[in-house]
Amino acid sequence: MQIHRPVAILSSPRPQPGMGRFHPQRAAGRLGAWLQLIPVAQVLVNLVTIRSLCLLLLLSVAGTPLAAEIIRGADAETGLRKWHLVESRLEVELVQRLPDQTRGFFMARGFSPAIADEIAVSCIFQTIVRNTGNQADAVAVSIDLAQWRVIRADGEQGIRLKEPWIASWPENAVSEASRLAFQWALFPTRQEFLADDYNWGMTAFGLPPGTVFDLDLVWQEDGKVRSTRIAAIECAPDVERLQ
Amino acid sequence: MTAICIRRLLCGLLLFVAGYSAQAGESLTPLPGAVPAPDFELMDTDGKLHRLSDYRGKTVILNFWTTWCPPCREEIPSMNRAWQQLRDEGVVMLAVNMGEDADTIFIFTADYPAEFPLLLDRDGAVIAQWPVKGLPTTYIIAPDGSIAYRAIGGRNWDDSDIMGTLRALQKQREGAG
């Protein structure tokens, strides 16, 4: 906002070509009238200062998430796409994992190529969940992945959870060490987060590479069930689609 | 009048910003109820046996981690810095690796030096006794053997707030002793 200070205004009553004769008394009267405006202008300046301070206050409050905010982006180095949600005390980030990344990870931990591939093409995302609250309010955020829904035009389904997945493998098909690695690499199905707590892990959405879907997230906060939707999430494409 | 209002607003703003900054510090979650820490015995990467109950009388930072967990890797340098400051103050730091072998950890420590003991939980039997959901998770065990604090996810361990909490816990013991 531009402020018209009296000093600037004072220059306007000067005689201009075509304005007629200059009258000193009238000019003095006008000057007096303008000078009376100085306190008014000071109040205006003060009001602007107050407005600026209020803006500063709002900007500092902006660090505390109050409403849903979803940011879509891509990792600067890898180009992998990511979705970042902040709503109330819940912060969730989903980052694409290329099927080949996941294949390599699990094969390096003793999985057979067939099972590593089955995991890799299940639309895996690196997932980070955080409670952004502070210690003073001591409000827990709880999630249960079994309540999250994967929405597509042709229907909806749940997330692929690690417990039934591990149980589906024949006992001799996957070693104990590999099961342990899988158990700890995938995001916990249920978890409670207190202030500053966060966790990361893989989540499997059980869709073919490249599929686009919406995700309905459900969580509990301060004893209340809350939900929100992240639209148009895209599973990472597999190698052949990248070529 | 307006000047007074501005002054009040400025004071309020400063207090708000100061309070908000204080909340943004690193924190540990206190665990009430003095739950006893489950005891265990594990070898470290140098072949030395560590029994948790042997450290009774000291504050123990017990960290669960793996080499392939990004936030675990991220917090190790700050753990090492904290350890360098706390090792002579009666505080113990133990990092329990879940499921990996000594060779993997040895290679890892070339990039992430760790002077504190790295314990091997090859079959995950120890981590299963603790309420760990994800990695890294760290418990602070009070000198009386109870679990005093918990941190889920990585922390900046040489942060002054965290160091103050750890030192206060150890000093309580020294004061009681």
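For the structure, see preceding data.
Scoring rules and cut-offs
Residues numbered from 1 in each chain as written. Chains lettered and ligands numbered in written order. Predicted model: local features only at pLDDT ≥ 70, side-chain atom pairs only at ≥ 80, totals over all residues. Helix = DSSP H or I, 4+ residues; strand = E, 2+ residues; numbered from the N terminus. Buried ≥ 20, exposed ≤ 12 C-beta atoms within 10 Å, placed from the backbone. Contact = placed C-beta atoms within 7 Å. Core = buried A, V, L, I, M, F, W, Y, C linked by C-beta atoms within 7 Å. Pairing = 2+ DSSP bridges. Axes fitted to C-alpha atoms, helices over the stretch in contact; angles between N-to-C directions. Expected span 1.5 Å × (residues − 1). Bend = angle between axes of the 7 residues up to and from the residue.

Caption draft 1: Local environment of the overall build of chain B. Across its full length, chain B carries 4 helices and 8 strands. Secondary structure of chain B in N-to-C order comes out as α-β-β-β-β-α-β-α-β-β-β-α. Per-residue burial over chain B gives 36% buried out of 177 residues. Within chain B, contacts between residues separated by at least 24 positions form 78% of all contacts whose residues are at least 6 apart in sequence.

Caption draft 2: Quick peek at the nonpolar core. A:Phe205, B:Met93, B:Leu94, B:Ala95, B:Val96, B:Ile140 and B:Ile141 are the most contacted members of the largest nonpolar core, which has 85 residues in total. In terms of residue count, the dominant contributor to this core is strand β5 (residues 91-98) of chain B (7 residues). Setting aside residues no more than four positions away along its own chain, B:Ile140 makes contact with B:Leu28, B:Thr59, B:Ile61, B:Ala148, B:Tyr149, B:Leu166 and B:Leu169.

Caption draft 3: Structural context of the sheet that holds strand β9 (residues 198-204) of chain A. Residues and elements named next belong to chain A. Strand order in the open sheet formed by 5 strands is β1-β2-β3-β4-β9, with antiparallel pairing between adjacent strands. Two strands in the sheet have a free side with no partner beyond their single neighbour: β1 (69-74) and β9. On average, each strand axis in the sheet is inclined to that of its neighbour by 15°, with strand direction left out of account. As paired strands, strand β4 (residues 124-131) and β9 are joined by 7 bridges and run antiparallel to one another. Of the residues in β9, the one forming a bridge with glutamine 126 is methionine 202.

Caption draft 4: Region of the structure containing helix α7 (residues 176-185) of chain A. Of the residues making up α7(A), those classed as buried are A:Ser178, A:Leu180, A:Ala181, A:Phe182, A:Trp184 and A:Ala185. Those residues of α7(A) that are buried are in contact with α6 (162-168) and β9 of chain A together with β5 of chain B.

Caption draft 5: The arrangement of the environment of A:Arg72 in detail. For A:Arg72, the location among the structural elements is in strand β1. A sequence separation of 161 residues divides A:Arg72 from A:Ile233, and the C-alpha atoms of the two residues are 9.1 Å apart.

Caption draft 6: Highlighting the sheet that holds strand β1 (residues 29-30) of chain B. Residue and element names in this part refer to chain B. Taken in spatial order, the 6 strands make up an open sheet running β1-β8-β7-β4-β5-β6, and their pairing is mixed. Of all strands in the sheet, those bounded by a partner on one side alone are β1 and β6 (118-121). Direction of pairing for β5 relative to β6: parallel, over a ladder of 4 bridges. Across the sheet, residue alanine 95 finds its bridge partner in β6, namely leucine 118.

Caption draft 7: Representation of helix α2 (residues 70-86) of chain B within the structure. Relative to the 24 Å expected for 17 residues at 1.5 Å per residue, α2(B) spans 25 Å between its end C-alpha atoms, a close match to the ideal helical length. Where α2(B) bends most, the angle comes to about 35°, and this point is B:Ile76, followed within four residues by the proline B:Pro77.

Caption draft 8: Just unusual backbone geometry, in detail. The peptide bond linking B:Leu135 to B:Pro136 adopts the cis configuration, its omega dihedral lying at -5°. Residue position: B:Pro136 is located in the loop between β6 and β7 (137-141). Even without being glycine, A:Asp222 reaches a positive phi, approximately 55°. Looking at the secondary structure, you find A:Asp222 in the loop between β10 (212-221) and β11 (224-234). Since 13 C-beta atoms lie within 10 Å of it, A:Asp222 is described here as partly exposed. Residues other than glycine seldom take positive phi values, yet A:Ala232 does so here, at roughly 55°. Structurally, A:Ala232 can be placed in strand β11. Judged by C-beta crowding, with 10 C-beta atoms within 10 Å, A:Ala232 ranks as exposed.

Caption draft 9: Local environment of the pairing of β10(A). Residue and element names in this part refer to chain A. Examined bridge by bridge, strand β5 (residues 141-144) and β10 share 3 bridges and lie antiparallel to one another. Within the sheet, the bridge partner assigned to valine 141 lies in β10 and is glutamate 221. Looking at chain direction, β10 and β11 are connected through 9 bridges and run antiparallel. The partner of valine 212 across the bridge, within β11, is glutamate 234. The turn linking β10 back onto β11 is made up of 2 residues, and aspartate 222 within it adopts a positive phi angle of 55°.

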